[in-house]
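# Coordinate inspection notes
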Amino acid sequence: MADGSWPWRVGVTASTVAAQPNPIDGSGSSRATCLLAPNPSLMTLDGTNTWLIAEPGSPTVIVVDPGPADPGHLQRISAVAADRGQRVVDIVLTHRHLDHSAGAPRLHEMTGAPVRAVDPAHRLGSEGLTSGEVLVSSGCELRVITTPGHTSDSVSLQLPADGVVLTGDTVLGRGTAVIADDGSLSDYLASLQRLRAITESTDLRLLLPGHGPLLPDPAGVLDFYIAHRAERLDEVRGALAAGDQNPAEIVARVYVDVDRALWPFAEVSVRAQLRYLRELGEVPPGVSW
Ligand SMILES: [Zn+2]
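Residues numbered from 1 in each chain as written. Predicted model: local features only at pLDDT ≥ 70, side-chain atom pairs only at ≥ 80, totals over all residues. Heavy atoms only, no water.

### Overview of the pairing of strand S8 (residues 155-159)
Stated formally: Throughout this description, buried means an accessible area under 20% of the type-specific maximum (1.4 Å probe, protein chains only), exposed means over 50%, and partly exposed covers the range between. Per the convention used, a helix needs a DSSP run of H or I reaching at least four residues, while a strand needs a run of E reaching at least two, with both numbered from the N terminus. In short, DSSP must find at least two bridges between two strands for them to pair.
Most of S8 is tucked away: five of the five residues are buried. As defined by bridge partners, strand S7 (residues 140-146) adjoins S8 across four bridges and the pair is classed as antiparallel. By the bridge assignment for S8, Arg-143 is matched with Gln-158. Summarising the sheet, S8 and strand S9 (residues 164-168) pair through three bridges and their orientation is antiparallel. Considered in S9, the bridge of Gln-158 is made with Val-165.

Shown next as structure tokens:
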């Protein structure tokens, strides 16, 4: 986490993950356990982290981010819960992206548990997720923190009993997050500050991300994210000052330290930065995207 590069693993396949158990799988805190979905890629790192949340000994469990519509993964979620004597009673989505949400309808069919999400299109049942709401389930309190930016519907979930926050794709276990085309950099910066403020006001031990390993230094990670965004913005300002006219030119200049395979995703982030700089009146005429 010490530099701004994206040290994402290239060429990891489902079979290599299956052959070498990934330490992310089974990691977590007293009340949160990660089940790693078998969907590794450039954008999903080791795969999607599905989180099972329950007080030990509880007869029920919350599933956060069922992950992709992978029958084996969904079966495993259900089997692990059953092994613990737990019934899935709530399914919660950190945001709408399919690597987190696509398995939710099937898990709903398998368990009968409602799917709670900010985006009404992804709900199954009447309940959404509202800012500051405390979801009381399975012996736990999960506080909803709206953290838009990666997408407009992104939330984080604080589990105060363990001193952890589940961050979805707002903060990743390695590298930095992308601002999607429906996301907003100004929202994202505010969300990072909101999470940073929580590290000041409460005892926060760990961030549990939607991809990659858990993060034991929440304040340090958030400071890195905030500094990284400021550095990238300054680099984009520099590229504009040098006369770059479009996202492709800016990426070639600014993301020279990043694997070329990731440049299409970097362009998505550059467009978000250009939208932000345009709000500030800092994009010269003639720049288009
Ligand atoms: Zn996402």
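And the narrative resumes.
### Brief notes about helix H6 (residues 218-241)
So the rule is basically this: Expected span, for any helix, means 1.5 Å times one less than how many residues it has.
Relative to the 34 Å expected for 24 residues at 1.5 Å per residue, H6 spans 35 Å between its end C-alpha atoms, a close match to the ideal helical length. Those residues of H6 not exposed but buried are Pro-218, Val-221, Leu-222, Phe-224, Tyr-225, His-228, Arg-229, Arg-232, Leu-233, Val-236, Ala-239 and Leu-240.

### A closer look at the coordination of the zinc ion
Put simply, the rule is: Donor criterion used throughout: N, O or S atom within 2.8 Å of the metal, extended to 3.2 Å for Na, K and Ca. Water excluded; incomplete-looking sites may result. Under the classification used here, a metal with four donors is tetrahedral if each angle lies between 85 and 135 degrees, square planar if opposite donors are over 155 degrees apart and the others between 65 and 115, a six-donor metal meeting that same test is octahedral, and anything else is irregular.
Protein coordination at the zinc ion: the donors are His-95 (NE2), His-97 (ND1), His-150 (NE2) and Asp-169 (OD), at 2.2 Å from the metal. One way to put it: the four donor atoms around the zinc ion meet at angles of 89 to 160 degrees, and that makes the site irregular. Coordination of the zinc ion draws on donor residues from a single chain, spaced H-x1-H-x52-H-x18-D in sequence. Linking His-150 in the loop between S7 and S8 with Asp-169 in the loop between S9 and helix H5 (185-201), this pair joins segments that are 19 residues apart in sequence. Relative accessible area serves as the criterion here: at 6%, Asp-169 is assigned to the buried category.

### Observations concerning the sheet that holds strand S5 (residues 115-116)
Strands sit in the order S1-S2-S3-S4-S5 across an open sheet of five strands; the sheet is mixed. Edge strands, defined here as strands with exactly one partner in the open sheet, are strand S1 (32-36) and S5. Pairing of strand S2 (residues 49-53) with strand S3 (residues 60-64) involves three bridges; the strand directions are antiparallel. In the sheet register, Leu-52 faces S3, and the bridge partner there is Val-63.

### Details of the confidence of the model for the chain
So the rule is basically this: Confidence of the prediction at every residue is given by pLDDT, a number between 0 and 100. Two residues qualify as a contact provided that any one of their heavy atoms is within 4.5 Å of a heavy atom in the partner residue.
Model confidence for the chain is summarised by a mean pLDDT of 92, while 93% of its residues fall at 70 or above. Contacts from residues 1-17, a stretch scored under 50 in pLDDT, to residues over four places away or in other chains number 44 contacts.

### What about the sheet that holds strand S10 (residues 206-209)?
The condition is simple: Angles here are taken between N-to-C directions and fall from 0 to 180 degrees, while the axes themselves are lines fitted to C-alpha atoms, restricted in helices to the stretch in contact.
Taken in spatial order, the five strands line up as S6-S7-S8-S9-S10 in an open sheet, and their pairing is mixed. Each edge of the open sheet carries a strand with a single partner, namely strand S6 (134-137) and S10. Neighbour-to-neighbour, the strand axes of the sheet open up by a mean angle of 25 degrees, direction not taken into account. The sheet contacts of H5 involve S7, S8 and S9, and relative to S7 the element is tilted by about 145 degrees.

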